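Analysis of the macromolecular model
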Amino acid sequence: MKNNMKAEHKIIIGISIVVAVLVSLGVYNYKQNKSKEMDSIKNTVADKSLLIREDSKTVGPSNAKITLVEFADFECEACAAAHPILQKILKEYDGKIQFVFRHFPNHFNSMLAAKSAEAAGQEGKFWEMHDKLLENQLEWGEKKVPVTEAFVKYAKEIGINVPTFTDLISGKTFEEKILRDKQDGIALGVRATPTFYLNGKKYEGIPPYEELKKIIDKELGITN
């Protein structure tokens, strides 16, 4: 009886060792594959013709050494979280970065929000509406009904002609452009928002300020 128990104990220990080794190998392989995936994302330079269109909304000099393209959804919580980080970066590197915004709508009111930004752009206030939508996302995001009233309120606050604005967002004037942005993103391999391309290299998710700053400094040849 005791010999049988010892034999069973040895078998259990042996199985535990094998399982532990397999798990360790699995974790190692996962980390290696994940590392390779991130390297390939960062080292592959995207097709510039898909990154920036002639009518893309941009801020900053076109000849800047740094071009930062964002595919974003105004209703995406991660995009709203990334917004203040980008604002800080754009202020710090004013004149050294061209920032490009591309639409990638995925939520219930995303298309309406994108139309609102484009409609504001007709009066030269795209970026004012862009900021309003992201900074006040908690007011209108994740609703399953159209939130036109909220966007009209923002239009009033930034001094846009409301009747014209309302007509534009209720029609299909900007849908082709917005959907083309999304198709460009899909062609580039955008899987979620926000997705960034810094000088053509792809970065996904909310960019930590220090990490983004380090990448930009490297591209600019700045050493600390």
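In this report, the structure presented in the accompanying data block is examined.

**Remarks on the overall build of the protein**
Secondary structure summary: the protein contains ten helices and five strands in total. Of all 224 residues assigned to the protein, the portion counted as buried reaches 41%. Sequence separation of at least 24 residues holds for 79% of the intrachain contacts in the protein that already meet a minimum separation of 6. Only carbon and sulfur atoms are counted for the fraction: they give 56% of the accessible area of the protein, which is about 12900 Å².

**Regarding the sheet that holds strand β5 (residues 201-204)**
Pairing is mixed across the open sheet formed by five strands, whose spatial order is β1-β3-β2-β4-β5. On the outer flanks of this sheet lie β1 (57-59) and β5, each paired with one strand and no other. Between one strand axis and the next, the sheet turns through 20° on average, direction left out of account. By the bridge criterion, seven bridges tie strand β2 (residues 66-72) to strand β3 (residues 97-103) in an arrangement that is parallel. In the sheet register, Glu70 faces β3, and the bridge partner there is Phe101. Its contacts with the sheet place helix α3 (residues 77-92) against β2, β3 and β4 (195-198), and it is angled at close to 160° to β3. Together, β2, β3, β4 and β5 form the strand contacts of helix α10 (residues 209-220), whose direction differs from that of β4 by roughly 20°.

**Considering the packing of α3 against helix α5 (residues 126-135)**
As a packed pair, α3 and α5 sit with axes 9 Å apart at the nearest point and diverge in direction by 130°. As far as their axial angle goes, α5 and α3 are oblique. Considering the relative orientation of α3 and α5, their crossing is left-handed. Of α5, the residues touching α3 (which contributes Cys79, Ala80, His83 and Gln87) are His130, Asp131, Leu134 and Glu135. Of the residues belonging to the contact of α3 with α5, the class tally is three nonpolar, three polar and two charged.

**Digging into the pairing of β2**
Most of β2 is tucked away: seven of the seven residues are buried. Alternating positions in β2 separate into two faces, Ile66, Leu68, Glu70 and Ala72 on one and Thr67, Val69 and Phe71 on the other, with burial throughout. This β-α-β element, β2 to α3 to β3, shows right-handed connectivity. With four bridges joining them, β2 and β4 adopt antiparallel strand pairing. Within the sheet, the bridge partner assigned to Val69 lies in β4 and is Tyr197.

Calculation notes
- Residues numbered from 1 in each chain as written.
- Predicted model: local features only at pLDDT ≥ 70, side-chain atom pairs only at ≥ 80, totals over all residues.
- Heavy atoms only, no water.
- Helix = DSSP H or I, 4+ residues; strand = E, 2+ residues; numbered from the N terminus.
- Buried < 20%, exposed > 50% of the residue type's maximum accessible area, 1.4 Å probe, protein only.
- Contact = heavy atoms within 4.5 Å.
- Areas by Shrake-Rupley, 256 points an atom, 1.4 Å probe, with all protein chains shown as cover.
- Pairing = 2+ DSSP bridges.
- Axes fitted to C-alpha atoms, helices over the stretch in contact; angles between N-to-C directions.
- Parallel < 35°, antiparallel > 145°, perpendicular 65-115°, else oblique.
- Left-handed = near helix turned anticlockwise from the far one by under 90°.
- Nonpolar A, V, L, I, M, F, W, Y, C, P; charged D, E, K, R; others polar.
- Right-handed = clockwise from strand over helix to strand, strands pointing away.

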